[in-house]
Amino acid sequence: MIFVVSLLVVLMLTGAVAASVFRDLISAVIAAALVSLIASILFFLLQAPDVAMAEASIGAALTAAIFIIAIRRTKRYEE
Amino acid sequence: MRRTVAILLLIIVAVGISRSLAKIPFGAAKTKVGSHYINEGVKETGSANIVTSVVVSYRGFDTLGEVTVLFIAAIGLGAVLTNTTKKEARKIEPASLILYTGCRLLFPLILVFGSYIFVHGHLTPGGGFQGGAIIASGFLLIYLGCRERRISRVASNVAESLGGLVFVLIGLLGLVFGGYFLLNFLPKGTANTLFSAGIVPIIYIAIGFKVGSELAGIIDNLIEET
């Protein structure tokens, strides 16, 4: 259990660093969605299924979609 | 110079937060209200899911505020993005056959799943906000896969307004019957059955409709503009 959780936390931190480092904004949004997805798995493992559902549907799906729609109207690459 | 100052500030903030958090015992009960919800919540509200009993019954007024915040955000986005001038119908490149068929197959299943989540909010994990968000992601799928289909603006506005109206009306009915807003005036029934917990499932169904149509409307506004 503690091994699985620490692996997930390491993955989450990697995703968070990647989201801030990537120059390609679409990749950054995908990395941020990964952080949300792993956060929702962690919420589920910590026995908070209500929060896990909200995090998975809003954080991982809808927010990423709204960011990608916004990026389509602006520039894809950071300078 | 600026970088040094920034790092120094960050360290100061981190030390401050960790010092103040270290004083709080982890996992220990600090107030009586939490244990009261856990021990008496099922008996007092009739809702088997304690999270729902807190969100809709004990803290129902806060939930009304939360729904209002979402409503104002959706209205503001609509006011900024909606252009009333009729655009000529653009040629939309159709999605591939696999994506089109897959999204047509999945969309009703996602709708049923979202409705299940908010109808059973007082029995199983989940509720109006989660179910509404799942329904909105189903509409997002329709926008990506079957791009020539549009949801009706009027229908989504009606669903949104009805959801808010039902919430406020039930709260006012509590004021009529027992003297305070959002009083649970319906019979509580036996816990763990579908028709239990009085007004809790009705309010959660209203929230589900409201959140689902609001989030779908936000996606509709954004996609329409691009």
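Residues numbered from 1 in each chain as written. Chains lettered and ligands numbered in written order. Predicted model: local features only at pLDDT ≥ 70, side-chain atom pairs only at ≥ 80, totals over all residues.

A few words now on the overall build of chain B. Counting its regular elements, chain B contains eight helices and zero strands. For chain B, the α and β elements follow one another from N to C terminus as α-α-α-α-α-α-α-α. By the compact-globule yardstick of 17 Å for 226 residues, chain B is too spread out, its C-alpha radius of gyration being 22 Å. Projected onto its principal axes, the C-alpha coordinates of chain B cover approximately 65 × 60 × 35 Å. By the burial criterion, 30% of the 226 residues in chain B qualify as buried. Long-range pairs, those at least 24 residues apart, make up 72% of the contacts in chain B with a sequence separation of at least 6. (Helix = DSSP H or I, 4+ residues; strand = E, 2+ residues; numbered from the N terminus. Rg over C-alpha atoms; globule rule 2.2 N^0.38 Å. Buried ≥ 20, exposed ≤ 12 C-beta atoms within 10 Å, placed from the backbone. Contact = placed C-beta atoms within 7 Å.)

A separate point is the interface of chain B and chain A. Residue-level contacts link 16 residues of chain B with 13 residues of chain A. When contributions to the side of chain B that touches chain A are tallied by element, the ones reaching two or more residues are helix 6 (128-145) and helix 8 (200-225) of chain B. For the side of chain B that touches chain A, the element with the most residues is helix 6 of chain B, which contributes seven residues. Here the side of chain B that touches chain A is composed, by residue class, of 11 nonpolar, five polar and no charged. (Nonpolar A, V, L, I, M, F, W, Y, C, P; charged D, E, K, R; others polar.)

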